[in-house]
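# Close look at the chain arrangement
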Amino acid sequence: MKSQQLREGRKAFTKEEWIDVLLRSSGMEPDEFTYREKWLLLNRMLPLVENNLNFCELGPRSTRKSHLYKEISPNSILVSGGQTTVANLFYNMGRHAVGLVGLWDCVAFDEVAGIKFKDNDGVQIMKDYMASGSFARGKEEISASASMVFVGNINQSVDVLLKTSSLFDPFPPEMGTDTAFLDRIRCYNPGWEIPKFRPEHFTDDYGFITDYMAEFMRELRKESHGDAIDQFFRLGKNLNQRDTIAVRKMVDGYIKLLYPNGKYTKEDVEECLRMALEMRRRVKEQLKRLGGMEFYDVNFSYIDQQSFEEKFVSVPEQGSGKLIPEGLCNPGQVYTVSRGQTGMIGVFRLETQMMGGSGKFDKTGLGNDREAKESVNTAYNFLKANVNQISGAINTKLFDFIIGYQDMQGIGMTNKLALPTLIALCSISLGKPTISSLAVLGDMTISGSLLPVDDLASSLQVCLDSGAKKVLIPIISAQEIAAVPATLMSSFQLIFYTSAKDAVFKALGVE
């Protein structure tokens, strides 16, 4: 009966006023937050109103990530320090008793970096439970509805993490690099967007008593509004089954929280859907970094059932991602995509200058990387030996050259620089820029033999993410095309070259 009163009372509030009431009930002062920050704070409530919603929030210290689960809701438990056992969390076979997941609505792990099972099979059982809400111990198959929450601190800036590793880096290695485990996280809340808490962020205004609010949230777990999406929208083709379940669960949670009386409009559902798609795409983007082409389908979208318009949802921290600019570059400027020292594939930029001199060749940005320097010298020596075959207008004896090499994503310099360097030297010598929006793949030996692209599918995905429209590919990598998804292939104009000289001509648009 009490919950019915609350549903009826919701009619007296606008959506914005109701969000403020929910936040004040959790101790926050909504007037101190932007509209987006209010939504990110609301996200923390999703595991309390939704069964088996696996939630992750990593961010700076002092953003009160664990506050809700420890202080506000009596239906959730915070496992401090991360140390636990399978018996404590799931099932004690000696006492035949279900663990925390059967006793609480929400089990939150504070400081994810310290999560450690004393049992070897702990992470495996957790994966099983996170996927299906059930797990097997001995002869027992046990089901439970507790949501799993993982909160912790990010010690570096998000920009650095995105360049050098992944946003799951704070997790212990057995979790943070296990794509099967991470794929089971439904929602990744960007904790770095929530401001550090100061005294004015805490409310002294009215809200619901926490026990009353907690019981109402527990009641909401029995309902389902996941089909609200289907009244107005269809999900795009890039969402697989796990993505779809995650997005539906989140939309279900938002509607329970914001529209408990079941009264919502198409615009209301669209707002919930866009936020849900972003929270799940953040997980998928990191899976793509860790797992490569298995998770290439990250371009999440939804389709309006009436207008059939398809709208795409991105994640803000990825930025535009356009490292390779549109239009023509300056002569001597070349973008190449290859594997860096850290093992990740990224974008590298070459910028060249030429001045009167005696044939000296200098390079900057390579540091003490011997292999990179050898690769660069290979290109210059090849040009001097074959200059007449490439163009009579190039003179390596009367000019000095200097090339600056830049690691655009901080993944460590590549040593696949011979072919891009050759193209850059020819481009500056002829005063001719490379064709627009071009990424160069592949490399060459001192004799001019071509080397294949390292992991063509993943390299093309990086080209797409970086803004390339045309891609130069060695013909010896053509057989790998079969392994590249058709949607990725159709995103570019692919230009195949048969020799180093052919690569130079095609990069400069010379027929």
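Residues numbered from 1 in each chain as written. Predicted model: local features only at pLDDT ≥ 70, side-chain atom pairs only at ≥ 80, totals over all residues. Heavy atoms only, no water.

## As for the overall build of the protein
- When its secondary structure is counted, the protein shows 19 helices and 23 strands.
- By its C-alpha atoms, the protein is 90 × 55 × 45 Å across when sized along the principal axes.
- Looking at the 511 residues of the protein, the share that counts as buried comes to 57%.
- Restricting to contacts in the protein with at least 6 residues of sequence separation, those with at least 24 account for 75%.
- For the protein, the accessible surface area stands at approximately 21,400 Å², while carbon and sulfur atoms represent 49% of it.
- Charge centroids of the protein, computed over 58 positive and 63 negative side chains, lie 3 Å from each other. (Helix = DSSP H or I, 4+ residues; strand = E, 2+ residues; numbered from the N terminus. Buried < 20%, exposed > 50% of the residue type's maximum accessible area, 1.4 Å probe, protein only. Contact = heavy atoms within 4.5 Å. Areas by Shrake-Rupley, 256 points an atom, 1.4 Å probe, with all protein chains shown as cover. Lys, Arg positive; Asp, Glu negative; His and termini not counted. Charge placed at Lys NZ, Arg CZ, Asp CG, Glu CD.)

## Quick word on the side chain of S466
- Topologically, S466 is positioned in helix α17 (residues 456-466).
- A relative accessible area of 2% places S466 in the buried class.
- Within the local environment of S466, its side chain forms a polar contact with the backbone oxygen of V462, the two atoms lying 2.7 Å apart. (Polar contact = N/O pair within 3.5 Å; in protein donor to acceptor, adjacent residues only side chain to side chain.)

## Focus on helix α13 (residues 241-258)
- Taking 1.5 Å per residue as the helical rise, α13 with its 18 residues ought to reach 26 Å, and the 26 Å between its terminal C-alpha atoms agrees with that figure.
- Most of α13 is tucked away: 14 of the 18 residues are buried.
- Between the side-chain oxygen at the start of α13 and the backbone nitrogen of R242 there is a gap of 3.0 Å, and the oxygen is on N240. (Expected span 1.5 Å × (residues − 1).)

## Some thoughts on the sheet that holds strand β11 (residues 187-190)
- With respect to topology, 5 strands assemble into an open sheet ordered β2-β6-β10-β1-β11, the strand pairing being parallel. Two strands in the sheet have a free side with no partner beyond their single neighbour: β2 (76-79) and β11. Neighbour-to-neighbour, the strand axes of the sheet open up by a mean angle of 20°, direction not taken into account.
- Both strand β6 (residues 106-109) and strand β10 (residues 147-153) contribute to a ladder of 4 bridges, which runs parallel. The residue of β10 that forms the bridge with F109 is F150. (Pairing = 2+ DSSP bridges. Axes fitted to C-alpha atoms, helices over the stretch in contact; angles between N-to-C directions.)

## A closer look at the nonpolar core
- Membership of the largest hydrophobic core comes to 58 residues, with the highest contact counts inside it found for V247, M250, Y254, L273 and L277.
- A total of 8 residues in this core trace back to one element, the largest contributor, which is α13.
- Each residue touching L277, except ones within four places of it in the same chain, is listed here: L235, L239, V247, F300, S301, Y302 and V313.
- Counting residues in hydrophobic clusters, the runner-up holds 42 residues, among them M344, F348, A372 and I495. (Core = buried A, V, L, I, M, F, W, Y, C linked by side-chain atoms within 4.5 Å.)

## A look at the packing of aromatic side chains
- Overall, the coordinates contain 21 aromatic pairs when judged by the stated rule.
- One aromatic cluster in this structure is built from F109, F150, F168, F171, F181, Y188 and W192. (Phe/Tyr/Trp six-rings, centres within 6.5 Å; stacked < 30°, edge-to-face > 60°.)

## Some points on helix α2 (residues 15-25)
- Counting buried positions along α2 gives 9 out of 11 residues, so the element sits mostly inside the fold.
- When we look at burial in α2, the residues that qualify are K15, W18, I19, D20, V21, L22, L23, R24 and S25.
- One or two residues past the end of α2 sits G27, with phi positive at roughly 95°.

## Here we look at the sheet that holds strand β13 (residues 301-304)
- The strand order across the open sheet built from 3 strands is β12-β13-β14, with neighbouring strands paired in antiparallel fashion. Each of the sheet's edge strands pairs with one partner strand only, and the pair in question is β12 (233-235) and β14 (310-312). Going from strand to strand, the sheet's axes swing by 30° on average, the running direction of each strand aside.
- With 3 bridges joining them, β13 and β14 adopt antiparallel strand pairing. Bridging across to β14, S301 finds its partner in F312.

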